[in-house]
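Remarks on the overall topology
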Amino acid sequence: MQYFVTITYLATIIGCCFLLYMLIYSKLEVLFIAMVVFWLTFNALIALTLSIGLSQVHEAAHQPLEALFTIETSDKADTSQAIQLQLFLSKLTGTSIGATVLDLFTITKEALLTIAGAYITYFLLLIQFNP
């Protein structure tokens, strides 16, 4: 799964950057521009669908955290159950749980915003340095 996510992200990011470049710098006919816009939209939808799905997995993995903080382990649980609860809490509050891109970053809502910001920055730089 990790390699599938990595290959998909690399292919869609490189594809979108190349298609944006072609869209801005090409002075071809309308049919070619329509085809580039179609493929740009298709690549963006693939990346967006994958990112939203994987960020929902991340959110679902951390969902029990709020309920676990409210559990009191005073007299109702024995020592082994309290230790298991504390280990589970430390796992949820420690490292991020979810799909990663070659262990570089976990796909979360914040990562989705970072990727969208990189696309917008690249698009604005292409427009700014238009010869």
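Quick notes on the rules
- Residues numbered from 1 in each chain as written.
- Predicted model: local features only at pLDDT ≥ 70, side-chain atom pairs only at ≥ 80, totals over all residues.
- Heavy atoms only, no water.
- Axes fitted to C-alpha atoms, helices over the stretch in contact; angles between N-to-C directions.
- Helix = DSSP H or I, 4+ residues; strand = E, 2+ residues; numbered from the N terminus.
- Parallel < 35°, antiparallel > 145°, perpendicular 65-115°, else oblique.
- Left-handed = near helix turned anticlockwise from the far one by under 90°.
- Contact = heavy atoms within 4.5 Å.
- Expected span 1.5 Å × (residues − 1).
- Buried < 20%, exposed > 50% of the residue type's maximum accessible area, 1.4 Å probe, protein only.
- Arc of directions from axis to C-beta.
- Phe/Tyr/Trp six-rings, centres within 6.5 Å; stacked < 30°, edge-to-face > 60°.

**A few points about the packing of helix α1 (residues 2-25) against helix α5 (residues 109-128)**
- Look at α1 against α5: their axes get within 10 Å of each other, and the N-to-C directions meet at 25°. One way to sum up the angle between α1 and α5 is to call them roughly parallel. Judged by the twist between their axes, the crossing of α1 over α5 is right-handed. Note on element contacts: α5 touches α1 through Ile115, Tyr119, Tyr122, Phe123, Leu126 and Ile127, opposite Tyr9, Thr12, Ile13, Cys16, Cys17, Leu20, Tyr21, Ile24 and Tyr25.

**Re α5**
- Here α5 spans 29 Å end to end across 20 residues, near enough to the 28 Å set by a 1.5 Å rise per residue.
- Those residues of α5 that sit buried are Ala111, Ile115 and Leu126. Summarising the axial view, the buried residues of α5 lie within an arc of 55°, below the 170-degree limit, and thus occupy one face. Along α5, the residues that are exposed and aim more than 90 degrees away from the buried face are Glu110, Leu113, Ile120, Leu124 and Gln128.
- Those residues of α5 that are buried are in contact with α1.

**A closer look at the packing of aromatic side chains**
- What the rule picks out here adds up to four aromatic pairs.
- Arranged with centres 5.2 Å apart and planes meeting at 70°, the rings of phenylalanine 38 and tryptophan 39 form a pair that is edge-to-face.
- Overall, phenylalanine 38 belongs to the partly exposed group, its relative accessible area being 49%.
- Arranged with centres 5.5 Å apart and planes meeting at 85°, the rings of tryptophan 39 and phenylalanine 42 form a pair that is edge-to-face. Taken as a pair, tryptophan 39 and phenylalanine 42 lie in helix α2 (residues 30-61) at a separation of three residues, close to a single helical turn.
- The class of tryptophan 39 is partly exposed, set by a relative accessible area of 42%.
- A connected cluster of aromatic rings, assembled from ring pairs, spans Phe38, Trp39 and Phe42.

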